[in-house]
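In case you want the letters, here they are:
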Amino acid sequence: MSSHVEGEQEAPSLGPVALLAFGVLAGIYLLYSVAWLITVLRNPTQIADPFSNFMFVSGLWLAVLFPASWFGATLWLGRERKPWLRILFLALGAVVLIPWPYILWAS
């Protein structure tokens with residue numbers, strides 16, 4: 001007896017290479033979030049205009065959330081896509097979301 005409903009397709013399982021790639025990219029995105037958080041917490045920049053200062057600081061805090069948001073959105077919106085396509089979009093996000101302020105400060 002099968003608990004499978006007729007007409008319903010099973011989700012394809014991930015191979016070990018895809019699973020490893022997702023794990024490595026998840027670690028990269030976690031490190032990016034931590035690097036952006038460090039950048040936000042050590043940022044001494046103060047802008048004289050209160051609205052501009054608010055927008056600058058808000059942008060920095062959103063930068064902390066973007067890596068996790070990109071990772072989650074790619075997995076959720078790409079759940080019906082092939083694993084290699086999700087990995088491609090995650091790799092693209094890993095290039096786009098590089099925390100340059102942290103990297104330039106640390107070097």
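Residues numbered from 1 in each chain as written. Predicted model: local features only at pLDDT ≥ 70, side-chain atom pairs only at ≥ 80, totals over all residues. Heavy atoms only, no water.

**As for the overall build of the protein chain**
Of the regular secondary structure elements, the protein chain holds 4 helices and 0 strands. Reading the protein chain from its N terminus to its C terminus gives the helix and strand order α-α-α-α. Each of the 107 residues in the protein chain was classed as buried or not, and the buried ones make up 23%. Partitioning the intrachain contacts of the protein chain with sequence separation of at least 6 by distance along the chain shows that 71% fall at a separation of at least 24. (Helix = DSSP H or I, 4+ residues; strand = E, 2+ residues; numbered from the N terminus. Buried < 20%, exposed > 50% of the residue type's maximum accessible area, 1.4 Å probe, protein only. Contact = heavy atoms within 4.5 Å.)

**Quick word on a nonpolar patch on the surface**
A cluster of nonpolar side chains, Leu37, Leu41, Ile47, Phe56, Val57 and Trp61, forms an exposed patch at the surface whose accessible area comes to about 490 Å². Elements that contribute at least two residues to the nonpolar patch include exactly α1 (16-42) and α2 (50-77). The biggest single contributor to the nonpolar patch is α2, with 3 residues. On the secondary structure map, Trp61 appears in helix α2. Since its relative accessible area comes to 39%, Trp61 is described here as partly exposed. (Patch = residues over 30% accessible without salt bridge, like charges linked within 9 Å, V, L, I, M, F, W, Y side chains within 5 Å. Areas by Shrake-Rupley, 256 points an atom, 1.4 Å probe, with all protein chains shown as cover. Salt bridge = Lys/Arg side-chain N within 4 Å of Asp/Glu carboxyl O.)

**Describing the confidence of the model for the protein chain**
Within the protein chain, residue pLDDT values average 87, and 86% of them lie at 70 or more. When mean pLDDT is compared element by element in the protein chain, helix α3 (residues 83-96) scores highest at 94, while helix α4 (residues 100-106) scores lowest at 84. (pLDDT = per-residue confidence, 0-100.)

**Quick look at the nonpolar core**
Counting residues in each nonpolar core, the largest one holds 10 residues, listed as Ala18, Phe22, Leu25, Tyr29, Tyr32, Phe71, Leu90, Ala94, Leu97 and Ile98. At the level of elements, α1 and α3 are the ones that each hand at least two residues to this core. At 5 residues, α1 tops the list of elements feeding residues into this core. If you look at the next biggest cluster of nonpolar residues, it comprises 5 residues, including Trp36, Val40, Leu60 and Ala63. (Core = buried A, V, L, I, M, F, W, Y, C linked by side-chain atoms within 4.5 Å.)

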